[in-house]
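# Architecture at a glance
Here's the letter readout for the chains.
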Amino acid sequence: MKNYFVILFFGFLLSCSENNSDNNKLLLGDKIYSKNCIGCHEQGGAAPNLTYTTLELSGIIAIVKYGRSSMPSFKGILSENEIEDISYYIYKQKKNQ
Ligand code: HEC
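Presented here is an overview of the structure given in this document. (Residues numbered from 1 in each chain as written. Predicted model: local features only at pLDDT ≥ 70, side-chain atom pairs only at ≥ 80, totals over all residues.)

Bringing the overall build of the protein chain into the picture now. Check the secondary structure of the protein chain and you find 5 helices and 0 strands. Order of helices (α) and strands (β) in the protein chain, N terminus to C terminus: α-α-α-α-α. In the protein chain, which comprises 97 residues, the proportion classed as buried is 13%. (Helix = DSSP H or I, 4+ residues; strand = E, 2+ residues; numbered from the N terminus. Buried ≥ 20, exposed ≤ 12 C-beta atoms within 10 Å, placed from the backbone.)

On to the packing of helix α2 (residues 22–36) against helix α5 (residues 80–93), then. One can describe the packing of α2 onto α5 by two numbers: an axis separation of 8 Å at closest approach and a directional angle of 95 degrees. Regarding the angle of α2 to α5, the classification is roughly perpendicular. The segment α2 lies against α5, with Lys25, Leu26, Leu28, Gly29, Asp30, Ile32 and Tyr33 engaging Glu82, Asp85, Ile86, Tyr88, Tyr89 and Lys92. The residue makeup of the contact of α2 with α5, split by class, is 7 nonpolar, 1 polar and 5 charged. (Axes fitted to C-alpha atoms, helices over the stretch in contact; angles between N-to-C directions. Parallel < 35°, antiparallel > 145°, perpendicular 65-115°, else oblique. Contact = placed C-beta atoms within 7 Å. Nonpolar A, V, L, I, M, F, W, Y, C, P; charged D, E, K, R; others polar.)

As a further point, take α5. Between its first and last C-alpha, α5 extends 20 Å over 14 residues, near the 20 Å set by a 1.5 Å rise per residue. At its buried positions, α5 is contacted by α2 and α4 (57–66). (Expected span 1.5 Å × (residues − 1).)

So, about the packing of α4 against α5. Closest axis-to-axis distance for the α4/α5 pair is 9 Å, and the angle between their directions is 130 degrees. When the axis of α4 is compared with that of α5, the two are oblique. The way α4 lies across α5 gives a crossing that is right-handed. On α5, the residues that touch Leu57, Ile60, Ile61, Val64 and Lys65 of α4 are Ile83, Glu84, Ile86, Ser87, Tyr88, Ile90 and Tyr91. Residue classes in the contact of α4 with α5 are distributed as 9 nonpolar, 1 polar and 2 charged. (Left-handed = near helix turned anticlockwise from the far one by under 90°.)

So this is what it looks like as structure tokens:
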């Protein structure tokens, strides 16, 4: 029984060290998307469907950070890390990559 807890503990440590893994970015990106983007980019909002974007990752990051016409800037609203996560998430959802 004791060994079982030791194994569990190391498993927990291991999962912590993978904090910045791609999967984690996608999970966080998904959360940020539902909270900050979905209202305009889906559900009848006026903004384009992001799965059809042709932008590269760096272009997505730039637009999320600085905005473009009626797309608001998220600098100061989301942290640098959050902007990276959400941009990576959008990039990975792209239909034609
Ligand atoms: C207030 C409404 C609104 C919100 C909230 C919003 N957007 Fe947008 N977004 C827009 C509009 C409108 C455009 C089109 C801008 C243009 O025509 O230049 C756009 C464009 C974009 C583009 C460029 C797409 C392309 O292919 O050119 C990206 C990327 C984007 N948004 C990402 C996001 C992300 C990520 C979030 C959440 C963090 C978000 N947006 C939240 C309104 C919004």
